[in-house]
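Spelled out, the chains give:
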Amino acid sequence: MDNEGPSRTALATAYARAYHQIADRPRILTDPLAARLLGVTEDELAELGGTAANRPESGANSGILRLAAGDRPRRLFFAARARCAEDRLAAAVATGVRQVVILGAGLDTFAYRNPHPGLHVFEVDHPATQAWKHERLAASGIDQPESATFVPVDFETDTLAAGLASAGFSRTDPAVFVWLGVVYYLTPDAARTTLDYIAGQSAPVEVIFDYLQSADTDEDRARLQARAQRAQAVGEPWFSYFTPDDIAAQLRALGFTDIEDRSATDVIAGYHNGSTEFAGEPPQSLRPVRILRASR
């Protein structure tokens, strides 16, 4: 984690979400603020994406641009997991939920296009990422509504409980927790601590998160290790892997009774009218990834 700006994974996700707006049809997630927050126009993004996909890697963000332009399956998953979370949040709001916590918010833009009057959005992230995001919001002319609150938490020195309490989050009111692209980078104990905190929220409470499934063959283990090494090389190593049965058992032990766990390809297909594009052998970048929703 760079203490002077957003993480590379936050930037990669943001570029992929922005590039999705111009490159993929049908569009899974509509996010008109993604490119503005990054400070690029759609034309510039298209040019950058096209050249990055066809040139040797060079420059600080070339790998990020290559990801956005070249890894379509992963880009679609980034869009699909965000859309899944926003759809679940809309359903919760319809039942009366009025607060959502976005853990590891990165450069997510939901708080600034929030369509739900009365819904308070708490964005939790590292102070360096939030400082950079503050600057980009101001520079791009994106207003920060009163319904959005930044919650800077450096987990080396702070706790989620203390950070949210100081931001005015209510532990006695229902809530949704959105936790995307984060669990991989936590130790199993740290992930369990966060789930334990979420489980302590007054019901109804719901959490949506993605995780990496443990490999069960030598071939899959080798592929997963190669990807983990690339993540470690940019200073953001992976620490947590789970089996669906193991994570479900943990959630049930914490009191969650309604659990839905799907593969990345299933989530994408659900927003592509049941497309069979990724039927059969899933693309390598999607094979270990799953998204889970749990509530009580």
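Refer to the structure presented above.
Residues numbered from 1 in each chain as written. Predicted model: local features only at pLDDT ≥ 70, side-chain atom pairs only at ≥ 80, totals over all residues. Heavy atoms only, no water.

What follows concerns the side chain of D71. By secondary structure assignment, the location of D71 is in the loop between α4 (62-70) and α5 (72-94). Within the structure, the side chain of D71 is placed 3.2 Å from the backbone nitrogen of R74, a separation counted as a polar contact. A polar contact is formed between the side chain of D71 and the side chain of S285, at a distance of 3.3 Å. (Helix = DSSP H or I, 4+ residues; strand = E, 2+ residues; numbered from the N terminus. Polar contact = N/O pair within 3.5 Å; in protein donor to acceptor, adjacent residues only side chain to side chain.)

Cis geometry is adopted by the peptide bond preceding P26, which originates at R25 and carries an omega value of 0°. Here P26 is to be found in the loop between α1 (8-23) and α2 (34-38). Put simply, A203 and P204 share a cis peptide bond, and its omega is 0°.

Here we come to the pattern of salt bridges. Inspection of the entire model under this criterion finds 16 salt bridges. Notably, a salt bridge pairs R81 with D210, separated by 2.6 Å at the nearest N-O pair. Of the two residues, R81 sits in helix α5 while D210 sits in strand β5 (residues 205-212), which places them 129 residues apart along the sequence. The residues R81 and D210 share a single accessibility class, namely buried. With a shortest N-O distance of 3.3 Å, E260 and R293 are connected by a salt bridge. (Salt bridge = Lys/Arg side-chain N within 4 Å of Asp/Glu carboxyl O. Buried < 20%, exposed > 50% of the residue type's maximum accessible area, 1.4 Å probe, protein only.)

The next subject is the sheet that holds strand β2 (residues 120-125). Ordered in space as β3-β2-β1-β4-β5-β7-β6, the 7 strands form an open sheet in which the pairing is mixed. Either end of the sheet is taken by a strand with one partner, and the two such strands are β3 (148-152) and β6 (258-263). Direction aside, the axes of adjacent strands within the sheet are offset by 15° on average. In the sheet, β2 pairs with β3 via 5 bridges, with the strands oriented parallel. Bridge pairing links E123 to F150 in β3. (Pairing = 2+ DSSP bridges. Axes fitted to C-alpha atoms, helices over the stretch in contact; angles between N-to-C directions.)

Attention now moves to the packing of aromatic side chains. In total, this model carries 8 aromatic pairs according to the counting rule given. Aromatic side chains F209 and Y211 sit 6.3 Å apart centroid to centroid with 50° between the ring planes, which places their arrangement in the tilted category. Like F209, the residue Y211 is buried in the burial classification. An aromatic cluster is present here, built from F122, F169, F177 and Y197 joined pairwise through their rings. Its guanidinium or amino end placed over the ring of Y197, R171 lies 3.7 Å from that ring's centre, counting from NZ or CZ. (Phe/Tyr/Trp six-rings, centres within 6.5 Å; stacked < 30°, edge-to-face > 60°. Lys NZ or Arg CZ within 6 Å of the ring centre and 35° of its normal.)

Mapped onto the elements, G70 comes out in helix α4. A sequence separation of 154 residues divides G70 from L224, and the C-alpha atoms of the two residues are 19 Å apart.

Looking now at a negative patch on the surface. A surface patch of negative charge is lined by E42, D43, E44 and E47. Within the fold, D43 resides in helix α3 (residues 42-52). (Patch = residues over 30% accessible without salt bridge, like charges linked within 9 Å, V, L, I, M, F, W, Y side chains within 5 Å. Areas by Shrake-Rupley, 256 points an atom, 1.4 Å probe, with all protein chains shown as cover. Lys, Arg positive; Asp, Glu negative; His and termini not counted. Charge placed at Lys NZ, Arg CZ, Asp CG, Glu CD.)

Core analysis: the largest hydrophobic core is formed by 55 residues, its most contacted members being L38, F77, V100, V176, V178 and I268. Among the elements that take part in this core, α5 stands out by supplying 11 residues, more than any other. In this structure, F177, A191, Y197 and I247 belong to the second largest nonpolar core, which totals 30 residues. (Core = buried A, V, L, I, M, F, W, Y, C linked by side-chain atoms within 4.5 Å.)

Of note, P288 is situated in the loop between α11 (264-270) and β7 (289-295). Setting aside residues no more than four positions away along its own chain, P288 makes contact with Y211, L212, Q213, L224 and R227. (Contact = heavy atoms within 4.5 Å.)

For the rest of this paragraph, the subject is the side chain of K133. Here K133 lies in helix α6 (residues 127-140). On the basis of relative accessible area, K133 is assigned to the buried category, the value being 1%. Ignoring anything within four residues of it in the chain, the contact list for K133 reads L37, G106, L107, D108, Y112, E123 and F150.

This brings us to the pairing of strand β4 (residues 175-179). With respect to burial, β4 is a largely interior element, 5 of its 5 residues being buried. Alternating residues of β4 divide into A175, F177 and W179 and V176 and V178, and every residue in both groups is buried. Across 3 bridges, strand β1 (residues 99-103) lies against β4 in parallel orientation. Bridge pairing in β4 places V100 opposite V176. Note: β4 against β5, 5 bridges, orientation parallel. Across the sheet, residue F177 finds its bridge partner in β5, namely V207.

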